[in-house]
Structures are given as C-alpha cells and as structure tokens.
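# What the coordinates show
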Number of protein chains: 2
Amino acid sequence: MTEYSGKNLKSFTADELIVLCERLREKIKSTVVKNGGHLSSNLGVIELTVALHYVFDFPTDKLIFDVGHQCYAHKLLSGREDGFETLRRRGGLSGFPKREESAFDCYNTGHAGTSVSAALGFAKARDIKGENFNVIAVIGDGSFNNGLVYEAFNSLRPLNTNVLVILNDNGMSISPTVGSMHEYLEQLSQNAQHIAKVEKHSNIFERFGFSYDGVHDGNDLFSMIAKLSEIKEKLKTQSVILHVLTKKGKGYSFCEENPQITHGISGGEKKQAVSYSEAFGKTLVEIAWKDKAITAVTAAMTPSLGLTEFFERYPERSIDVGICEEHATILCAALAAQGLKPYYAVYSTFLQRSFDEIILDICSQNLPVTLCIDRAGISGEDGETHQGVFDLSFLNLIPNLTVAVPKDIEEFKRMLVASASFNAPLAIRYPKDCARIFGGTQGGELSNWQYISRGNCNVAVLACGERALSLADDVNGEIAEQGLNVTIVNARIVKPLDEKFLQGLAETVIITLEDNQLLGGFGSCVCTHFADNSDVRVKCFAYCDKFIPHGTAEELMKEYGLDGKKLKEYILNNAVR
Amino acid sequence: MTEYSGKNLKSFTADELIVLCERLREKIKSTVVKNGGHLSSNLGVIELTVALHYVFDFPTDKLIFDVGHQCYAHKLLSGREDGFETLRRRGGLSGFPKREESAFDCYNTGHAGTSVSAALGFAKARDIKGENFNVIAVIGDGSFNNGLVYEAFNSLRPLNTNVLVILNDNGMSISPTVGSMHEYLEQLSQNAQHIAKVEKHSNIFERFGFSYDGVHDGNDLFSMIAKLSEIKEKLKTQSVILHVLTKKGKGYSFCEENPQITHGISGGEKKQAVSYSEAFGKTLVEIAWKDKAITAVTAAMTPSLGLTEFFERYPERSIDVGICEEHATILCAALAAQGLKPYYAVYSTFLQRSFDEIILDICSQNLPVTLCIDRAGISGEDGETHQGVFDLSFLNLIPNLTVAVPKDIEEFKRMLVASASFNAPLAIRYPKDCARIFGGTQGGELSNWQYISRGNCNVAVLACGERALSLADDVNGEIAEQGLNVTIVNARIVKPLDEKFLQGLAETVIITLEDNQLLGGFGSCVCTHFADNSDVRVKCFAYCDKFIPHGTAEELMKEYGLDGKKLKEYILNNAVR
C-alpha cells in the first residue's frame with residue numbers, strides 16, 4: 001500500500017489532495033505515453049476518483065467502472081502505484097478492472113453498459129445476505145446508450161435495492177455520443193445552468209425510481225467530495241443518479257483538444273503501416289461510389305474502424321447508432337430486407353453482443369449483410385475482454401453464413417470488392433495490423449482456397465489469415481534448410497469449408513493454423529471433415545481453452561498455441577518424403 | 001386470396017367488419033385448440049389487425065410484429081385462410097411471420113424487442129431509396145422491457161425517419177410484465193382515464209422524438225380505424241407511438257381469465273408426463289431449503305421454467321427481470337461475485353441473447369453461476385426461431401465453463417443437487433419432455449462419463465442426453481437380433497471432454513450422438529480429440545448446417561440428422577466382432 005491509499009487518504013488536507021491529483025495525472029500521463037492505453041478517459045475522472053476514495057470505504061464499499069476505460073486513478077489509489085509502470089504488459093497490471101489483481105476491483109468490465117446491472121447484483125446480494133455497504137457504478141454517457149442500462153434501470157424497483165449510479169458525462173464514447181438520450185443529457189445540463197433545479201416532471205431517471213442529482217462539475221474535487229458525502233447519507237434509503245460533467249483529457253491540453261484520437265493510444269514508437277481498418281474504409285468508399293445500395297453501419301467506432309471518410313463522403317448512407325451492437329445488427333438486416341447492401345463494421349469482441357441477431361435477423365432470413373470484423377484474433381494489450389479469438393467458432397455454427405479470412409491486405413480489398421455482388425450473409429474477419437503480402441493468384445476470393453506453395457512431403461498446412469500464413473511461411477523457410485518443404489494452402493473461406501479442395505489434397509498429414517480458439521474453430525471443422533477417414537491425420541494449431549490476458553500479440557500467440565517452434569517440431573516429426 | 005383480403009376489405013361495411021372479426025376469432029380458436037400455438041395473444045389483437053388492414057396498404061406498407069405471437073389474424077387477412085389448418089405442422093404455415101411464406105410478412109421475428117429496430121431499418125432504407133410507404137411495428141408491453149427497444153428509440157432522431165410503433169399493452173408477456181416501464185405505462189393509462197390529455201412534460205416517448213398518442217381501446221374496431229386513419233396522415237411528417245390497451249384472450253372467456261396458461265398451448269390430447277421444467281423447479285426448491293445462497297433468476301418465464309413454487313416459497317431469493325436476458329445474466333454474475341449461488345433458468349434459444357455476458361461476466365470471472373437451459377435441442381412446432389440446437393456449440397467454445405447434459409430426468413435431479421457445491425460456471429441443458437429413464441450407477445454426475453452397456457464389437461456410441469441415448473438404445477435393441485451389440489456411453493459432460501474415458505475406450509469406431517448442431521458441438525470436439533490418431537475413426541450424428549423449421553420433434557430429428565435408420569446402417573457397415 002502506498003502512503004495515499006485507503007484510510008490514509010481521509011486524513012489528507014485540501015492542499016495534499018490537490019497535490020495528489022496532480023501526482024496521479026502525471027503518473028498516468030507518463031505511463032500511458034510509454035505503454036499505451038486509455039488516456040483521455042482516465043485523465044477526466046481523476047478528481048471524481050479521489051473524491052470517491054475520500055468519501056467511501058473501498059473495498060468494503062463496491063466500485064464498478066463501466067467498460068473500465070477510466071480505472072487508472074482507482075488502481076493507483078488502491079495500492080498499485082508500485083508496478084503501475086507494468087500497465088498493459090504481459091504479467092503486469094491490466095488496463096481494466098480485474099478481481100484477480102486486487103480486492104478493490106470487485107467486478108471485471110470491458111464491454112459497455114454492464115455496470116448498472118452488476119451494481120444491482122451486488123446490492124441485491126448484500127440485501128439478501130443482510131450485509132451493509134454501498135455500491136457505486138461509474139458510467140460514461142457513451143455507455144448510457146446501451147440497452148443494458150435501460151434493462152437495469154427498469155428492474156430497479158422490482159429489485160427494491162439501493163445503488164449509486166454516477167453518470168460521467170463528457171459527451172464522448174470513442175466517437176462523440178449520439179442519440180436522443182445524449183440530447184436529453186445535454187438538455188439537463190443546459191437547464192441546470194439556467195435554472196436552479198431541473199424541472200421535476202421532466203426527469204426520465206426518476207421514472208425508474210432514482211433520485212436524480214445533477215448537473216455538477218466532476219472535475220471540481222471539493223464540490224465532488226461534498227456532494228458524495230451528502231449522497232452517502234441518501235443511499236441508506238434510496239437509489240441515486242449523480243450526473244457530473246467531466247472534461248475528457250482534463251489537464252493535458254493536447255488531449256483536451258483531441259479527445260477522440262487520445263481516447264486510447266499506442267505506446268512507444270511503433271511505425272504505422274497501413275492498417276486493415278484504413279484499407280477497409282478506403283475500399284468501401286470506392287465501391288460505394290458506383291453501388292448506391294452500400295450503406296455503412298457502426299456502433300460508436302467510426303474512426304477506429306476506418307470509416308471517417310465514408311461518413312464524410314456519403315452521410316446519407318452512414319449510420320452510427322451509438323454503443324448499441326444488437327440494434328445495429330437488426331438495423332442492417334432490415335436495410336438488407338428492403339434492398340440495400342449494409343456493411344456492419346465492428347471489433348470482433350463486440351460482435352459477441354450481436355450473436356442472437358446474427359443468427360436470427362441476418363442468417364435465418366438469409367439477408368445480404370456483410371459483417372466486417374476488425375481486431376480479430378489476439379488483439380494484445382487490452383487483454384481478456386478485447387481478444388477477438390472466438391469469432392470463427394461462434395460464426396462457424398450459424399447456417400447460411402459465409403466466413404472469409406483474407407491472407408493479406410491486398411486479398412482483403414479484393415474480398416470487399418467481391419462482397420458487393422455477394423447476395424447472402426457474409427463475414428470477413430481481419431486483424432488490426434498488416435505486416436506482409438503473400439503470393440497467390442487473384443480470383444475466387446469468396447469461393448475457394450488456393451495453393452500458396454507446393455511441398456515435397458506428406459504434410460500440408462492449411463493457414464487461415466495473415467498471421468497464420470506468416471507462421472507457416474516462416475517455418476517453411478526454416479525447414480527448407482534441410483531440403484524439406486510443406487504444401488501451404490490459403491484457407492481463406494472457413495465456412496463453408498472448401499471440401500473439393502480438401503478431397504483433392506494429396507498429403508496425408510494436415511496441419512491447420514488459425515488465429516482463433518481451437519474449439520469450434522477452423523481446425524475443428526477440418527477434423528470433423530476427416531474424422532471418418534483413417535488415411536488422413538489432422539493436427540490443429542490454435543488457441544487453447546483459456547481466457548487470454550494482456551500482452552503483445554507476439555507473446556500471446558506463442559504462449560497460447562500459435563508457436564512456430566512447435567509447428568516446426570511437429571512437421572519435422574511427421575514429414576515423410 | 002380470400003374474399004376479405006387486401007383491397008376487398010376496404011369496401012366492407014361496418015357490419016361485415018364485425019362479422020369478419022368473429023370469423024377470425026373462431027378460426028384461430030378452433031385451429032389453435034387442435035394444433036397448439038399462441039392463443040390468448042392472438043385473440044387480443046384481432047380488432048387491431050383488421051383495423052390495420054383496413055387503413056393501410058400491405059404489402060406495400062410494412063407491418064412488423066414483435067416476437068410474432070400475434071400474427072395469426074394478419075396471416076388470415078393476407079391470403080392464408082386456405083391452409084391455416086396446417087399451422088405449425090411440418091410443411092404447413094409457421095406460427096411466426098415468415099418472409100418465405102408471404103410478401104405480407106416483411107420481416108421474421110421470434111425473439112423479443114427486435115421490431116422497432118427492424119421498422120427503423122425499413123424506414124431508413126425507404127428514405128435512402130426515395131420510396132414511399134408506411135412502416136409499422138406492433139410490440140407488446142412485455143417486449144418493451146427489452147433493451148433493444150431503448151436502443152432503437154435512442155436512434156430515432158439520428159436516423160431522422162418516420163415510423164409508427166403500436167404499443168399493444170395487455171399487461172403481460174408470458175408472465176405478467178414487471179418493471180418501472182410497465183408501471184409507467186400503467187400510470188399513463190390511469191392518467192388517460194382521469195384527464196383528457198396526458199401531461200405533456202411527463203411523457204418519456206416524446207423525449208425520444210415520438211409523437212405519443214394514447215391510451216386507446218385496442219379492441220374497439222371502429223375507434224382503431226378512425227385513430228389509424230388519423231395517424232396515417234401524421235406519419236408523413238413524424239414518428240408516432242400509438243398506445244393501445246388490449247385484452248389478452250379477448251372473446252374467449254377461459255383465455256381472458258387465464259391469460260398466462262393460454263398464452264401458448266399444446267394441441268391435441270398429448271399426455272402430460274413430468275417435464276424437466278417441473279423436475280427443475282421441484283429440485284431447486286428442495287436444495288434451496290438448506291442452502292440459503294441459492295437464488296433463482298428468470299427473464300419473464302417463471303411458470304414455463306417450472307419456477308412458480310420457488311418464487312412462492314422464496315420470494316426474497318426470486319428475481320424476474322422481465323424480458324432482459326442480458327441483464328439477467330450480469331445480475332447473476334454479480335450475485336455470485338458477492339457470495340450467492342444464482343441459477344439462471346432460460347430457454348436454450350433465448351440464452352443466445354446473453355452470449356457476450358456468459359463469456360465475459362460469468363466465465364472470464366470464473367463465477368459459480370448455473371445456467372439451467374430448458375427446451376434444448378429441437379423444440380418442435382415453434383420452428384427456426386425457437387430450436388435449441390446451437391447451445392452446445394456456442395457454450396463449448398467458452399473457457400472455464402462446464403457443460404452437462406443429463407441422460408434422463410433422474411440424473412438431471414442429481415446433477416442439480418451436485419451443482420449446489422460446484423464452485424465454477426456450469427451449464428446444464430435439457431429438453432422439455434422426459435420420456436425414458438436409463439440404467440447406470442449414481443455418482444460423478446458433474447465429473448465423468450459412464451458406460452450404459454458394453455458391446456461385443458469395435459463400435460462405441462457416445463450419446464449425449466436423453467434423446468440421443470434413446471436412439472442409441474433403440475438401435476442397439478434392433479441389432480441385437482443379429483447378435484450384435486455396441487458399447488453405449490453416457491457422455492454427460494460435453495465440456496470438458498472426459499479425456500481419460502476416451503483414452504480408455506477399447507473400441508476403434510466411435511459414434512457420437514447429440515441433439516445439437518454438428519458444427520462446434522459435442523461430436524466435433526471428439527473429432528478434434530482423435531484427429532491426430534489414425535487408429536480411431538469418428539462418425540458424428542448431429543443436425544446438419546441448416547435452420548430447422550417447425551414440425552414435430554420426431555419428424556425433425558430424423559430429417560435433420562438424428563435418424564435411427566442411418567445410425568443402424570452405419571453400425572452394421574462398420575462393426576467388426
């Protein structure tokens with residue numbers, strides 16, 4: 001425990017508290033610039049977090065950060081200043097709340113809108129067990145768009161329990177917040193500036209059983225302390241929404257002026273190659289020029305997905321619904337049912353939210369929606385909640401869907417061009433960064449596999465996506481020193497399997513490589529295909545059945561199942577010329 | 001087309017319209033009593049549906065029914081009276097809206113809360129394409145609890161389009177509607193009775209950009225016609241919510257008095273064996289008597305899941321959150337994090353809604369929540385949107401989760417008892433009906449497989465769940481006439497596989513049987529396990545990669561992949577004594 005954690009903090013003088021805020025701000029700034037991470041969102045809540053720690057008693061009281069983009073000050077205040085320089089590094093502190101890291105993190109988050117539900121669960125359990133503590137959810141206005149928040153609000157009265165929800169309103173998620181709820185929040189803020197108290201009857205939150213208290217300056221440390229002390233008393237008898245305005249990037253002028261590009265930043269001095277996201281946006285702009293049915297849909301991630309130019313060029317065909325992944329998916333299905341050609345771009349991990357809607361709304365109706373799945377495979381430093389390692393498995397099981405995985409960024413662009421005339425549900429998954437371009441002929445991008453190279457032994461490697469193909473190619477280079485080569489196949493369509501290609505393979509030892517979980521993924525489908533055939537053996541390289549924490553993609557791939565050394569070993573042990 | 005469909009209807013006299021309503025009511029009643037289906041919900045909306053067809057021009061105008069529990073009158077009014085007696089039967093009319101059945105069904109539904117999103121999609125596509133028609137969503141107050149509706153409302157302004165949302169308020173989903181939104185709707189209704197106009201500032205819907213019009217009697221045909229005609233004009237310039245009160249079961253006194261048990265009914269004269277749902281509820285009541293941490297959570301399905309007694313006996317540990325599957329899942333995770341032992345009971349098909357929350361909130365935090373998955377496998381007459389054939393596949397891929405499938409109802413009860421001390425995420429999946437009890441010793445229900453019988457050849461059948469085991473046992477009986485027996489294994493834990501058991505198997509031809517999709521399911525895991533072993537062949541019997549329509553479970557199992565005849569054939573062709 002550092003000197004300013006927990007109980008010590010409560011004896012701090014006003015001056016000491018101010019110094020502490022500056023210290024936290026400096027520490028976060030210097031660490032994030034080096035390690036990467038969520039900068040602006042964390043800088044905005046320093047005063048609020050210090051006030052919370054000053055007034056409440058953690059970990060007895062429970063503090064739940066929605067998404068977790070704003071938990072750094074909390075980590076520093078709860079005995080994690082030592083070691084904070086390991087933030088987001090393999091084996092170091094996570095950038096998100098983690099129960100396994102500290103008792104002060106009572107609930108893990110990473111996706112939007114879960115905090116109010118979780119807070120209600122803690123409070124209800126407290127009541128059932130006859131315990132006594134406070135439960136607080138801190139949630140941004142971006143997450144407030146998510147339907148989960150409404151579901152939780154709706155059950156406040158039936159659950160008959162008390163929680164504090166702090167609405168941290170900075171007008172942004174990653175993109176600026178959209179939607180009527182956001183407009184309503186703005187209206188509340190404007191009202192508060194003009195009249196002493198928001199008109200009682202106009203408040204949505206009170207309809208749900210909350211006492212509403214707002215709007216206050218969340219960056220004013222002492223008024224936050226006073227306000228939270230007052231609310232702490234209220235919580236004994238009621239649930240409260242505290243609506244505070246904070247400045248994203250507070251105290252760092254570059255961040256304050258550029259909150260969108262500094263929401264999350266990369267650490268160090270990585271060179272920026274063209275990313276798949278950029279290629280996606282650029283290609284979509286090109287094909288949409290001719291094809292007026294092409295429409296782009298996103299859930300609050302326009303710039304990160306490469307869609308900024310599309311939104312500028314074709315505003316009438318650009319839809320950002322806020323952090324509402326389910327709604328976005330259904331909207332796409334209906335747009336397609338009425339003859340448009342929607343592209344829903346989304347990070348792999350957030351696509352999980354739309355699982356039911358992909359099945360029923362898109363695929364069971366066989367509608368031509370294209371899912372453009374960014375950050376697929378291991379995504380690295382954000383850890384468990386952001387790895388995109390499940391998508392091939394959960395998409396594989398859905399009838400009517402075609403699932404494509406480009407071998408490189410050039411093939412990705414050709415797939416997008418081909419997708420415009422693909423008249424059925426389609427998913428294309430790709431990682432963030434592009435590193436290599438491979439050979440192979442053009443054509444058939446959405447219909448069949450292709451040979452990348454032919455080997456001189458009984459082993460064929462079916463590689464799925466750029467990272468897998470890179471690994472195969474590297475290992476093939478290494479074994480070439482021994483005069484050995486394996487056949488390498490660009491298995492770019494995971495569903496349906498290219499069965500004709502599989503039947504034509506002369507090799508009898510088949511190795512599958514994929515940047516995805518083993519269970520239910522590409523390899524498992526190949527195993528199932530050959531299960532009843534005793535002439536062929538299949539060996540799968542994919543991620544093991546574990547949640548994959550934070551670290552660099554390279555470290556994690558090797559550690560969790562995509563290890564070049566083991567691949568080489570397996571080939572050498574099984575190759576027969 | 002029948003004489004009262006489409007354009008003809010508009011020339012009907014008032015008397016003829018009244019006669020028509022009675023005729024529809026009789027037709028629905030007589031058909032549903034015979035075929036089973038949704039009775040009360042359909043009887044409640046006859047006048048509303050006739051009024052809609054009288055005022056609007058379908059299929060040019062688009063009508064979307066939320067869930068679809070209330071589309072029968074619409075089917076009868078759109079050329080499907082002939083053939084209506086095939087409702088819910090294999091090859092006959094679906095009980096839900098189906099695009100492939102009629103142009104009058106523009107969007108398929110089955111799960112709650114999708115209609116407003118879909119309506120916005122149709123309206124937005126219309127605007128983008130410069131077309132001209134009206135879009136109408138009809139949604140019940142039960143679905144109104146779902147977060148999707150809020151997400152759709154929130155994007156009404158950004159989408160800048162016009163739709164009509166008819167809130168069909170009957171105070172019920174399957175269970176009575178719960179939550180603050182429901183209380184708010186009741187308040188609106190009461191206000192309307194007392195004052196001429198609902199106080200302007202108190203209306204939530206107007207905050208989202210709707211013009212609100214309510215409350216009206218949805219069973220009053222002529223006032224509905226007048227009101228809809230008026231709104232049709234309004235829709236040219238704005239979006240409207242029309243709030244109507246309807247009587248669930250209207251016109252059939254038994255239904256009016258018993259809306260909960262007549263929401264959906266079974267047809268014919270099926271005998272009622274004890275169902276898995278009943279066994280679930282009874283066992284949970286028993287174990288909760290000793291274990292005060294056991295808490296039951298449901299999303300508006302208390303009676304159908306067998307939880308009525310539990311809710312009566314332990315109200316303080318009983319939670320119904322309304323149709324909010326995602327929220328229910330997070331609530332369970334948080335209850336478990338605070339030391340309770342929550343059981344989330346849900347139909348397999350609705351569990352799909354919580355996919356992301358099962359992964360992140362429950363499993364990545366390794367919290368001891370038990371998912372009790374009812375109506376797993378083919379569920380029959382409700383068709384595509386209600387088959388529970390994906391759960392083994394989408395649960396298989398989630399780390400930290402144990403997935404159990406009881407071989408019969410007695411083992412199911414023992415699994416539930418064992419689950420009370422199981423300190424990790426657990427899923428137990430089971431069908432509705434119990435038909436058979438099998439041998440096998442007691443113990444190890446949540447840890448290992450067991451032999452049901454030993455064969456005299458090289459074939460072992462790994463059967464997963466009651467239906468699969470019945471099939472295996474039946475076929476084993478048939479081949480016994482030829483002096484042949486296969487080994488039958490109760491593969492009751494699908495994840496993790498009982499690898500020790502698999503390694504100990506002497507047989508070299510392994511057959512897997514499961515009431516689930518092939519891809520990613522139990523069989524595919526067994527294939528992956530043996531893929532690198534050329535001494536063993538695996539053959540999977542599971543459902544093929546298609547959406548499975550309505551029909552009886554028996555018909556569908558056979559047709560889509562669990563066919564005893566083919567199983568027998570495979571065994572006879574591959575058995576070596």
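Residues numbered from 1 in each chain as written. Chains lettered and ligands numbered in written order. Predicted model: local features only at pLDDT ≥ 70, side-chain atom pairs only at ≥ 80, totals over all residues. Heavy atoms only, no water.

Across the boundary between the two partners, chain A contributes 109 residues, which contact 109 residues of chain B. Carbon and sulfur atoms make up 61% of the surface buried where chain A meets chain B, a total of about 8900 Å² over both sides. Between chain A and chain B we count 12 salt bridges in total. The shortest N-O distance in the salt bridge between Arg353(B) and Glu326(A) comes to 4.0 Å. Between chain A and chain B we count 42 residue pairs in polar contact (both at pLDDT 80 or more) in total. Top element by residues in the side of chain A that touches chain B is helix H6 (residues 115-129) of chain A. It accounts for 10 residues. Grouping the amino acids of the side of chain A that touches chain B by side-chain chemistry returns 50 nonpolar, 33 polar and 26 charged. (Contact = heavy atoms within 4.5 Å. Buried area = accessible area lost by both parts, 1.4 Å probe. Salt bridge = Lys/Arg side-chain N within 4 Å of Asp/Glu carboxyl O. Polar contact = N/O pair within 3.5 Å; in protein donor to acceptor, adjacent residues only side chain to side chain. Helix = DSSP H or I, 4+ residues; strand = E, 2+ residues; numbered from the N terminus. Nonpolar A, V, L, I, M, F, W, Y, C, P; charged D, E, K, R; others polar.)

Attention shifts here to the pattern of salt bridges. Between side chains of opposite charge, pairing is possible as soon as their charged atoms come close. One pass over the structure, following the stated rule, counts 73 salt bridges over all chains. For Glu286(A), the salt bridge identified is with Lys282(A), shortest N-O distance 3.3 Å. In this pair, Glu286(A) and Lys282(A) are both assigned in helix H13 (residues 276-290), four residues apart and thus about one turn of the helix distant. With relative accessibility at 47%, the residue Glu286(A) sits in the partly exposed group. Relative accessible area serves as the criterion here: at 51%, Lys282(A) is assigned to the exposed category. The salt bridge involving Asp57(B) is made with Lys10(B); its shortest N-O contact spans 3.3 Å. Pair noted here: Asp57(B) is in the loop between helix H4 (46-55) and strand E2 (62-65) and Lys10(B) is in the loop between helix H1 (6-9) and helix H2 (14-35), with a separation of 47 residues, a long-range link. Judged by its relative accessible area of 34%, Asp57(B) is partly exposed. Take Lys10(B): its relative accessible area is 28%, and that puts it in the partly exposed class. (Buried < 20%, exposed > 50% of the residue type's maximum accessible area, 1.4 Å probe, protein only.)

Our focus in this paragraph is the sheet that holds strand E14 (residues 450-453) of chain A. All names here are of chain A. The sheet built from five strands is open, its strands ordered E14-E16-E15-E18-E19 with mixed pairing. Both outer strands of the open sheet, E14 and strand E19 (537-543), are each paired with one neighbouring strand and no more. If you compare each strand with its neighbour and ignore which way they point, the axes differ by 25° on average. Relative to strand E16 (residues 487-490), strand E15 (residues 459-464) is paired through four bridges, and the arrangement is parallel. Paired with leucine 462 across the two strands is valine 489, which belongs to E16. (Pairing = 2+ DSSP bridges. Axes fitted to C-alpha atoms, helices over the stretch in contact; angles between N-to-C directions.)

Now for helix H22 (residues 522-530) of chain A. Among the nine residues that make up H22(A), eight are buried, leaving the element largely enclosed by the rest of the structure. Here H22(A) has its buried residues at Phe522(A), Gly523(A), Ser524(A), Cys525(A), Val526(A), Cys527(A), Thr528(A) and Phe530(A).

Our focus in this paragraph is the relation of the copies chain A and chain B. Between chain A and chain B, the superposition needs a rotation of 180° and an axial shift of 0.0 Å, giving an RMSD of 0.0 Å. Put plainly, the chains are arranged around a two-fold axis. The residues that chain A uses at the interface reappear at the interface of chain B in 100% of cases, marking a shared surface. (Least-squares fit on C-alpha atoms with pLDDT ≥ 70 in both.)

Right, let's get into the side chain of Lys495(B). Within the secondary structure, Lys495(B) sits in strand E17 (residues 493-495). A relative accessible area of 4% places Lys495(B) in the buried class. A distance of 2.9 Å separates a polar atom in the side chain of Lys495(B) from the backbone oxygen of Asn396(B). The residues contacting Lys495(B), other than those within four sequence positions of it, are Leu519(A), Asp545(A), Leu395(B), Asn396(B), Ile398(B), Pro399(B), Leu401(B), Thr402(B) and Val403(B).

What follows covers the packing of aromatic side chains. For the coordinates displayed, the defined rule picks out 48 aromatic pairs over all chains. Note that Lys62(A) overlies the ring of Phe133(A), its terminal NZ or CZ placed 5.2 Å from the centroid. Taking the ring centre of Tyr252(B) as reference, the NZ or CZ of Lys29(B) above it sits at 4.5 Å. (Phe/Tyr/Trp six-rings, centres within 6.5 Å; stacked < 30°, edge-to-face > 60°. Lys NZ or Arg CZ within 6 Å of the ring centre and 35° of its normal.)

Before going further, it helps to examine the pairing of strand E11 (residues 370-374) of chain B. Residue and element names in this part refer to chain B. E11 sits mainly inside the fold: five of its five residues count as buried. Across the two faces of E11 the burial is the same, with Thr370, Cys372 and Asp374 and Leu371 and Ile373 all buried. Two elements, strand E10 (residues 341-347) and E11, share five bridges in a ladder whose sense is parallel. In the sheet register, alanine 345 faces E11, and the bridge partner there is cysteine 372. Here E11 runs beside strand E13 (residues 426-429); their pairing, made up of four bridges, is parallel. Bridge pairing in E13 links isoleucine 373 to arginine 429.

All names here are of chain A. The strand order E2-E3-E4-E6-E5 describes an open sheet built from five strands, whose pairing is parallel. For this open sheet the edge positions go to strand E2 (62-65) and strand E5 (210-217), each flanked by a neighbour on one side alone. Strand-to-strand twist in this sheet, taken as the mean axis angle between neighbours without regard to direction, amounts to 20°. Relative to strand E3 (residues 135-140), E2 runs parallel, the two sharing four bridges. By the bridge assignment, isoleucine 64 is partnered in E3 with alanine 137. Those strands touched by helix H11 (residues 221-234) are strand E4 (164-169), E5 and strand E6 (239-245), and its axis lies near 175° from that of E5.

Residue and element names in this part refer to chain B. The contact between helix H20 (residues 466-480) and helix H24 (residues 564-574) brings their axes to 10 Å, and the two run at 55°. Taken together, the axes of H20 and H24 lie oblique to each other. Once H20 is placed against H24, the crossing between them reads as right-handed. Within the contact between the two elements, H20 uses Leu471, Ala472, Val475, Glu478 and Ile479 and H24 uses Gly564, Leu567, Lys568, Ile571 and Leu572. Its residues assigned to classes, the contact of H20 with H24 shows seven nonpolar, one polar and two charged. (Parallel < 35°, antiparallel > 145°, perpendicular 65-115°, else oblique. Left-handed = near helix turned anticlockwise from the far one by under 90°.)

This part is about the confidence of the model for chain A. All names here are of chain A. Of all residues in chain A, 95% have pLDDT values of 70 or greater, and the mean over the chain is 93. Below a pLDDT of 50 lies the segment residues 195-201, which in the model reaches 10 contacts outside its immediate sequence neighbourhood of four places, other chains included. Predicted complex metrics record ipTM = 0.96 and pTM = 0.96. (pLDDT = per-residue confidence, 0-100.)

Right, let's get into helix H17 (residues 355-363) of chain A. Counting buried residues in H17(A) gives nine out of nine residues, a clear majority hidden from the surface. Phe355(A), Asp356(A), Glu357(A), Ile358(A), Ile359(A), Leu360(A), Asp361(A), Ile362(A) and Cys363(A) are the residues of H17(A) that are buried.

Quick look at unusual backbone geometry now. Cis peptide bonds are those with omega within 30 degrees of zero, and the linkage from Phe58(A) to Pro59(A) qualifies with 5°. Take Pro59(A): it is sitting in the loop between helix H4 (46-55) and E2. Note that the residue after Gly214(B), namely Val215(B), is joined by a cis bond; omega there is 5°. Within the fold, Val215(B) resides in strand E5 (residues 210-217). At Arg88(A), a residue that is not glycine, the phi angle is positive and equals roughly 65°. Among the secondary structure elements, Arg88(A) is positioned in the loop between helix H5 (72-77) and H6. Positive phi is not limited to glycine here, since Asn160(A) has a value of about 55°. Of note, Asn160(A) is situated in the loop between helix H8 (156-159) and E4. Residue Asn160(A) is classed as exposed on the basis of its relative accessible area of 62%.

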